[in-house]
Amino acid sequence: MSIATTMIIRLEIRKSVASFADVASGIAAAGGDIVAIDVIRAGKEVTTRDITVNVQDATNEEIHRILSAMDGIKVINVSDSTFLAHLGGKIEIMPKMKIKNREDLSQVYTPGVARVSMAIAEDPAKAYSLTIKRNTVAVVTDGTAVLGLGDIGPEAAMPVMEGKAMLFKQLAGIDAFPLCLDTKDSEEIIRIVKAVSPGFGGINLEDISSPRCFEIERRLAEELDIPVFHDDQHGTAVVALAGLLNALKVVGLTLAEARIVVVGIGAAGVSICNLLLAAGARCIYAVDREGVLVREAAYGNPEWTKLAARTNPDNVQGGLAEVMQGADVFIGVAGGGILNVEHLKSMSANNIVFAMANPNPEIEPELAEPHVRVLATGRSDYPNQINNVLCFPGIFRGALDCRAAVVNLEMKLAAAKAIASVVLEEELNEQYIIPSIFNDKVVEQVRLAVIRAAMSTGVARRVPPDVAGIEPLIKEN
Ligand SMILES: NC(=O)c1ccc[n+]([C@@H]2O[C@H](COP(=O)([O-])OP(=O)(O)OC[C@H]3O[C@@H](n4cnc5c(N)ncnc54)[C@H](O)[C@@H]3O)[C@@H](O)[C@H]2O)c1
Ligand SMILES: O=C(O)C[C@H](O)C(=O)O
Ligand SMILES: [Mg+2]
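So, here is what we can say about the structure in this document. (Residues numbered from 1 in each chain as written. Chains lettered and ligands numbered in written order. Predicted model: local features only at pLDDT ≥ 70, side-chain atom pairs only at ≥ 80, totals over all residues. Heavy atoms only, no water.)

Some remarks on the site of ligand 1
Part 1 of the argument: Near ligand 1 lie 23 residues; those nearest to it are Thr236, Ala267, Ala268, Asp288 and Asn388.
Part 2 of the argument: The separation between an oxygen atom of ligand 1 and a polar side-chain atom of Asp288 is 2.6 Å.
Part 3 of the argument: Ile386 is positioned such that a nitrogen or oxygen atom in its backbone is 3.0 Å from a nitrogen atom of ligand 1.
Part 4 of the argument: Contact with the protein chains hides 86% of the accessible area of ligand 1, taken as 840 Å² for the molecule alone.
Part 5 of the argument: For the shell around ligand 1, the secondary structure elements donating two or more residues are α10 (231-251) and α11 (267-278). (Near = heavy atom within 4 Å. Polar contact = N/O pair within 3.5 Å; in protein donor to acceptor, adjacent residues only side chain to side chain. Areas by Shrake-Rupley, 256 points an atom, 1.4 Å probe, with all protein chains shown as cover. Helix = DSSP H or I, 4+ residues; strand = E, 2+ residues; numbered from the N terminus.)

Take a look at the structure:
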């Protein structure tokens, strides 16, 4: 499965030997689509141009090869716009005021700052009003399960975590900071996160492999008094449930009736199964590498043992092929390419397929489309993007605003219903089961639903002024 990108190719064209038409046909032959041409230098003999080319596959080397082999053409440089967008990183820290004179200096720095520090020393809760704590989230990873790329290490995880921080800020106004840890030791991760927690209002765990992620999150949630939320578990589960509630309406089934296959019982898969069960699903088949979870087996992973007792009601034995027979819903959070057309053909006629692995879905959307009624992926370049970015900004906005101590089940269910309800009944169709991340109702409605659920379950420590006395905006699904 390819990832499209835009290349900028700087060329010298010797006019007596080659023409731009030669260049254009060479690029087209190699699968490139020219979208812009800029003349950098127009000499009598030689012109230098920047040619912006869209390619469907970022690993395309054919264009470079064809152009380099042409007489009269010299390739000066090829840059990839995705890499250019990452030069020097994607985020920065900006002060809220400029220090213009001594008076400013003595307020924000010594000696004035000392008074503020002493006020917090006397009452640590003042950190919420006098520091960045109330609006700052740590995005913590050890780089062990980055997207579906696996254990690629903390440095390589940085671009993903910077991307999450950008989304936190742009979508929810939250200042998020990546903490990529050079340790895989669960106890050490717990210790480090606890030690840095005073400066943060919440902890977003990201891309930490399973089963370690379950214990790390459980311990941190127990031992800290700020919300700790493993995005790959719960953000993914919330958005998958939101998409499924709407997709089921399109095909005319209820959650309780649907036969649901979840593949990849890691961080995302475990949480998806648990949330779907909490929302009323009755027939889930949880499949990992060794096949479907079954009641009689003993599993080293306690999450699997708990799930095995609550899933696979007719105790089907086998693997993906067996459980896909007659299934209504497939949810993939395993890895690219594990699903084939035969699997899809064996599903029920009104089937729903969420191929959510990133960056490569469980099946190429073009292959799946003819055999699927409702199709969604985790990517932004296809319709129905089921991605946890629809959840984490709004759920943290809500949790921070009501100073929730935790993110509990009720808050997650409320967030899922809020996301689903952004798509109005009259808009709902196979191609539109989930709102776009650019729909500005998403964060606001998730925030409100989460605050109300936190208040009604007693975990909110503050009532935001705009919420007091307002009726819930979202309808019950
Ligand atoms: N769309 C989204 O919002 C979203 C969110 C989270 C994760 N994901 C994607 O889901 C995938 C899993 O993420 P995770 O954080 O849960 O990782 P993880 O490492 O915790 O879990 C992956 C699980 O999939 C299983 N698996 C791998 N190949 C398999 C196969 N061929 N058959 C059955 N099971 C298989 C592994 O054994 C493991 O249990 C990744 O590709 C990730 O990008 C997508
Ligand atoms: O990062 C994403 O796009 C979603 C998710 O967190 C993932 O790990 O794939
Ligand atoms: Mg992730």
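Re the site of ligand 2
Part 1 of the argument: If you check the shell around ligand 2, you find Leu147, Lys164, Glu206, Asp207, Asp231, Asp232, Asn358, Asn387 and Asn388 and nothing else.
Part 2 of the argument: Contact between ligand 2 and Glu206: an oxygen atom at 3.0 Å from a side-chain N or O atom of the residue.
Part 3 of the argument: Note that an oxygen atom of ligand 2 is positioned 2.9 Å from one of the side-chain N or O atoms of Asn358.
Part 4 of the argument: Protein chains shield 82% of the accessible area of ligand 2, which is 260 Å² for the free molecule.

Some points on the nonpolar core
Part 1 of the argument: In this structure, Ile203, Leu244, Ile260, Ile331, Phe354 and Ile419 are the most contacted members of the largest nonpolar core, which totals 107 residues.
Part 2 of the argument: Tallying contributions element by element places α10 first for this core, with 12 residues.
Part 3 of the argument: Here this core spans two domains, and each of domain 2 (102-226) and domain 3 (233-477) adds at least three residues to it.
Part 4 of the argument: When neighbours within four sequence positions are excluded, Phe354 is seen to be in contact with Ala240, Gly243, Leu244, Ala247, Phe330, Ile331, Gly332, Ala376, Ile386 and Ile433. (Core = buried A, V, L, I, M, F, W, Y, C linked by side-chain atoms within 4.5 Å. Buried < 20%, exposed > 50% of the residue type's maximum accessible area, 1.4 Å probe, protein only. Domains from an automatic or database assignment. Contact = heavy atoms within 4.5 Å.)

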